[in-house]
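This is what each chain is made of:
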Amino acid sequence: MATRTDLDGRPIKPITICMIGAGGFIGSHLCEKLMSETPHKVLALDVYNDKIKHLLEPDSLPWAGRIQFHRLNIKHDSRLEGLIKMADLTINLAAICTPADYNTRPLDTIYSNFIDALPVVKYCSENNKRLIHFSTCEVYGKTIGSFLPKDSPLRQDPAYYVLKEDTSPCIFGSIEKQRWSYACAKQLIERLIYAEGAENGLEFTIVRPFNWIGPRMDFIPGIDGPSEGVPRVLACFSNNLLRHEPLKLVDGGQSQRTFVYIKDAIEAVLLMIENPDRANGHIFNVGNPNNEVTVRQLAEMMTKVYAKVSGEPSLDSPTVDISSKEFYGEGYDDSDKRIPDMTIINKQLGWNPKTSLWDLLESTLTYQHRTYAEAIKKSIAKPTAS
Ligand SMILES: NC(=O)c1ccc[n+]([C@@H]2O[C@H](COP(=O)([O-])OP(=O)(O)OC[C@H]3O[C@@H](n4cnc5c(N)ncnc54)[C@H](O)[C@@H]3O)[C@@H](O)[C@H]2O)c1
Ligand SMILES: O=c1ccn([C@@H]2O[C@H](COP(=O)(O)OP(=O)(O)O[C@H]3OC[C@@H](O)[C@H](O)[C@H]3O)[C@@H](O)[C@H]2O)c(=O)[nH]1
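Residues numbered from 1 in each chain as written. Chains lettered and ligands numbered in written order. Predicted model: local features only at pLDDT ≥ 70, side-chain atom pairs only at ≥ 80, totals over all residues. Heavy atoms only, no water.

- Looking at an unreviewed UniProt entry, the protein carries the name NAD-dependent epimerase/dehydratase domain-containing protein, with the source organism given as Hibiscus sabdariffa.

Structure representation (structure tokens):
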């Protein structure tokens, strides 16, 4: 491998990374990138390894020896501190992060996103280890603009909706709207990490992902996940398309999101890993402000793209409306709009997303079709046990 240099032209020294939650969607892509393009070592911690099996076996892989899987639950495992001590950098991805859980399992959500992250922060701080912690764009909550009258011209003014790391407030709903249990827990762990930096000198970077999507995201209910499970929107809509069912639009699909391709976003994380002087002490939005759609538009686009990649015609009525109460249950609420400001990440790391929404959906739905279409056909054909 040719000598790699950082953004300031200095050679990059190989490091050891303790990656917690390495077996998830983002972790699997980050491990893949680190193995194929860098000399770094990864201690991969998770309760599952299905999504990184292809990187762990067989032993003849070119990166064998550079990635080591440790099956552990950070809630109760005394090996955690030792593994953090062995590494130069810890990346914490572990979390419950599917909205269907926030209002139905608020205790698990708060424990996972705040309490379980505490020892990770503590061990990094006490052992002078650098930490990259995954937070979320949900810490912004709702936009200021959403509180303006519907016909206010100010709603069109970016000052009322663009989300900036250092100036935007965090606006959540009332306590009974348990949707915000996740965002609030993430906000508090961000504040704790920031305080560890300020008072005890912890070297940290906080990442706020804005709807990263791509292959291996979540699960397809009944195929590689529980049949009653509700994953995030990409997997929900993929599941509907694979089963030739209408896509369900929660409360009419009016909420807006910006989607970024996982492979673009992983480039940003690699820049953070390899440019500590530029990344330490910062909170970074990582998203694609150019890929904004309403959820309804996302459904329409996915329907078109899926017809193209599968060669199967779409339904006459491809979508159906459903109330949030019916879909998610009591206590659901939603972020209205999420446009990331890119000033800080541009200035510090020179990063910009590249992939359009159409292109990222095309490669992702090609993957979904190739991975799941046969299994779904078989599961539908199989008579159900009586
Ligand atoms: N994907 C996105 O767009 C997005 C957006 C905002 C924030 N995030 C944040 O990024 C991080 C990773 O998200 P993801 O999309 O890869 O989710 P994911 O659910 O695919 O990955 C999380 C991984 O953490 C593991 N994990 C959870 N609790 C654990 C524990 N106690 N011990 C060991 N492992 C544990 C899970 O098994 C899973 O493999 C999360 O913190 C999430 O909140 C992701
Ligand atoms: O089948 C579905 C699923 C979801 N939706 C809607 O689609 C939108 C996006 O839903 P997602 O499940 O992807 O989750 P959200 O964007 O609301 O939150 C996510 O954002 C950032 C991360 O922290 C988390 O991964 C998650 O909380 C929501 O408005 C939701 O109500 C549907 O209309 N139909």
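### Description of the site of ligand 2
Alright, step 1. Taken together, the neighbourhood of ligand 2 is formed by 24 residues, with Tyr102, Thr136, Glu138, Tyr182 and Asp334 sitting nearest.
Alright, step 2. Side-chain polar atom of Tyr102 to an oxygen atom of ligand 2: 2.6 Å apart, as the coordinates give it.
Alright, step 3. Measuring from an oxygen atom of ligand 2, one finds a side-chain N or O atom of Asp334 at 2.6 Å.
Alright, step 4. Burial of ligand 2 by the protein amounts to 96% of the accessible area it has alone, namely 670 Å².
Alright, step 5. Secondary-structure elements contributing two or more residues to the shell around ligand 2 are α4 (99-102), α8 (233-242), β9 (247-250) and α12 (324-328). (Near = heavy atom within 4 Å. Polar contact = N/O pair within 3.5 Å; in protein donor to acceptor, adjacent residues only side chain to side chain. Areas by Shrake-Rupley, 256 points an atom, 1.4 Å probe, with all protein chains shown as cover. Helix = DSSP H or I, 4+ residues; strand = E, 2+ residues; numbered from the N terminus.)

### Looking at the sheet that holds strand β3 (residues 67-71)
Alright, step 1. The strand order β3-β2-β1-β4-β5-β7-β12 describes an open sheet built from 7 strands, whose pairing is parallel. Because the sheet does not close on itself, it has two edges, and the strands there are β3 and β12 (282-286). Taking each pair of neighbouring strands and ignoring which way they run, the sheet shows an average axis angle of 15°.
Alright, step 2. The pairing of strand β1 (residues 16-20) with strand β2 (residues 41-46) spans 5 bridges and is classified as parallel. Bridge assignment links Ile17 to a residue of β2, and that residue is Val42. (Pairing = 2+ DSSP bridges. Axes fitted to C-alpha atoms, helices over the stretch in contact; angles between N-to-C directions.)

### Quick word on the packing of helix α5 (residues 106-113) against helix α7 (residues 181-200)
Alright, step 1. It is at 8 Å that the axes of α5 and α7 come closest, and there the two elements cross at 20°. Taken together, α5 and α7 sit at an angle that is classed as roughly parallel. Read as a crossing pair, α5 and α7 show a hand that is right-handed. Of the residues in α7, those in contact with Pro106, Thr109, Ile110 and Asn113 of α5 are Ser181, Tyr182, Ala185, Lys186 and Ile189.
Alright, step 2. Residue composition of the contact of α5 with α7, grouped by class: 5 nonpolar, 3 polar and 1 charged. (Parallel < 35°, antiparallel > 145°, perpendicular 65-115°, else oblique. Left-handed = near helix turned anticlockwise from the far one by under 90°. Contact = heavy atoms within 4.5 Å. Nonpolar A, V, L, I, M, F, W, Y, C, P; charged D, E, K, R; others polar.)

### Details of the side chain of Glu138
Alright, step 1. The residue Glu138 is located in the loop between β5 (130-134) and β6 (162-163) in this model.
Alright, step 2. Here the side chain of Glu138 touches Arg338 through a polar contact of 3.2 Å, side chain to side chain.
Alright, step 3. When sequence neighbours within four positions are dropped, the list of residues in contact with Glu138 reads Tyr102, Phe172, Arg179, Trp180, Tyr182, Ala183 and Arg338.

### Points about the site of ligand 1
Alright, step 1. Among the 25 residues in the neighbourhood of ligand 1, the closest are listed as Phe25, Asp46, Asn73, Tyr182 and Trp212.
Alright, step 2. Note that a nitrogen atom of ligand 1 is positioned 3.0 Å from one of the backbone N or O atoms of Ile74.
Alright, step 3. Elements that contribute at least two residues to the shell around ligand 1 include exactly α1 (25-37) and α7.

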